[in-house]
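The lines below spell out each chain.
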Amino acid sequence: MGMNEWIAAGVKQSAQPRVTLNGRGEVLVEGHTGLFSYDTARVRIRTPLGILEIRGQDLVIGYFGAEDLMVRGRVDGVGIEGE
């Protein structure tokens, strides 16, 4: 489902998470709704659209706030599973 379809379905654009990848070493996630699970190879984060998964090596949570978080390490992939 594209962004226009989400807006048409009544999901506000601001309810969508924003994911910023800074090179291969850092991922900023804004608009999360909680941490699902994590280890040094995989971090799974709850978002309004589903579970966001960050895969890599030596992953650590560099910052965890009420609405945003930062994952650092070697990032090999980022994907989302719809709920």
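Scoring rules and cut-offs
Residues numbered from 1 in each chain as written. Predicted model: local features only at pLDDT ≥ 70, side-chain atom pairs only at ≥ 80, totals over all residues. Heavy atoms only, no water. Helix = DSSP H or I, 4+ residues; strand = E, 2+ residues; numbered from the N terminus. Contact = heavy atoms within 4.5 Å. Salt bridge = Lys/Arg side-chain N within 4 Å of Asp/Glu carboxyl O. Buried < 20%, exposed > 50% of the residue type's maximum accessible area, 1.4 Å probe, protein only.

Novice: Can you help me understand the environment of Gly62 in this one?
Specialist: As for its placement among the helices and strands, Gly62 is situated in strand β5 (residues 50–64). Along the backbone, Gly62 and Val27 are 35 residues apart, and their C-alpha atoms lie at a distance of 9.7 Å. What Gly62 contacts, discounting residues up to four positions off in sequence, is Met70 and Arg72.

Novice: Is there a simple way to think about the pattern of salt bridges in this case?
Specialist: One side chain can pair with another of opposite charge once the charged atoms of both are near each other. Under the counting rule described, the total for this entry stands at seven salt bridges. Across the salt bridge formed by Glu53 and Arg44, the nearest N and O atoms sit 3.5 Å from each other. Residue Glu53 shares its accessibility class with Arg44, and that shared class is buried. Here Asp76 makes a salt bridge to Arg74, at a shortest N to O gap of 2.8 Å. On the accessibility criterion, Asp76 (41% relative accessible area) is partly exposed. Arg74 gets classed as partly exposed once you look at its relative accessible area, which sits at 42%. Taken together, the shared-partner salt bridges connect Arg42, Arg44, Glu53, Arg55 and Glu81 into one network.

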